[in-house]
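Fold and contact review
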Amino acid sequence: MTIYIDADACPVTRIAERVAKEHFIPVVLLCDTNHVQTSDYSEVKIIGAGADAVDIALINLCKRGDIVITQDYGVAAMALGKGAKAIHQSGRIYSDDNISGLLESRHIAKVQRGKSKNHLKGPRKRTAEDDKRFEESFIGLVLSCISSED
């Protein structure tokens, strides 16, 4: 098992690395040339800055039994299709049961943004509670993946 992180602007990278290190799981951070990351634990792969280049590289690398951390529903759907597990930085675990609805809501929101002349607010500021929620959910996912390997 490997943990792959869509690391461009990912606020939970250090939490994920800490948990992975405790369980001796390798981590690969994928980032584009505009968001170069460094790490004392993870392997860092710097991918060209083309549209979706990081997403495509991540999906090409992941396989059944891996874990993908991404906020991109499309990447999560492709990871699930390859038999990997996927989790959002909020701690939401993507599944075959929820991914279609998430993709549909993303599409509807995109259509609405195209119709609106008003600018929408960005995401709210991340809190310690958000980090805690992610960590608890991520630990549960990691432990379930470890137990399914046995």
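Up top is the structure these notes are about.
Procedures and definitions
- Residues numbered from 1 in each chain as written.
- Predicted model: local features only at pLDDT ≥ 70, side-chain atom pairs only at ≥ 80, totals over all residues.
- Heavy atoms only, no water.
- Helix = DSSP H or I, 4+ residues; strand = E, 2+ residues; numbered from the N terminus.
- Areas by Shrake-Rupley, 256 points an atom, 1.4 Å probe, with all protein chains shown as cover.
- Phe/Tyr/Trp six-rings, centres within 6.5 Å; stacked < 30°, edge-to-face > 60°.
- Buried < 20%, exposed > 50% of the residue type's maximum accessible area, 1.4 Å probe, protein only.
- Pairing = 2+ DSSP bridges.
- Right-handed = clockwise from strand over helix to strand, strands pointing away.

1. What to know about the overall build of the protein
Within the protein one finds five helices and six strands. Beginning at the N terminus, the succession of helices and strands in the protein can be written as β-α-β-β-α-β-α-β-β-α-α. Put simply, the protein shows about 8900 Å² of open surface, and 52% of that area lies on carbon and sulfur atoms.

2. Brief notes about the packing of aromatic side chains
One pass over the full model with this rule turns up two aromatic pairs. Look at Y73 and Y94: their rings are 5.9 Å apart centre to centre, the planes differ by 75 degrees, and that puts the pair in the edge-to-face class. Residue Y73 is found in helix 3 (residues 73-81), and its partner Y94 is found in strand 6 (residues 93-94); the two are separated by 21 residues along the sequence. With a centroid separation of 5.3 Å and an interplanar angle of 15 degrees, the aromatic rings of F134 and F138 are classed as stacked. In this pair, F134 and F138 are both assigned in helix 5 (residues 128-149), four residues apart and thus about one turn of the helix distant. F134 sits in the buried class, given a relative accessible area of 0%.

3. Focus: the pairing of strand 1 (residues 3-6)
A two-sided burial pattern is seen for strand 1, the buried positions comprising I3 and I5 on one face and Y4 and D6 on the other. Of the strand pairs in this sheet, strand 1 and strand 2 (residues 27-32) are connected by four bridges, and their pairing is parallel. Bridging across to strand 2, D6 finds its partner in L30. You can see the chain leave strand 1, run along helix 1 (residues 13-22) and come back into strand 2, and the turn it takes is right-handed. Sheet topology note: the strand 1/strand 4 (residues 67-69) ladder contains three bridges and is parallel. By the bridge assignment for strand 4, Y4 is matched with V68.

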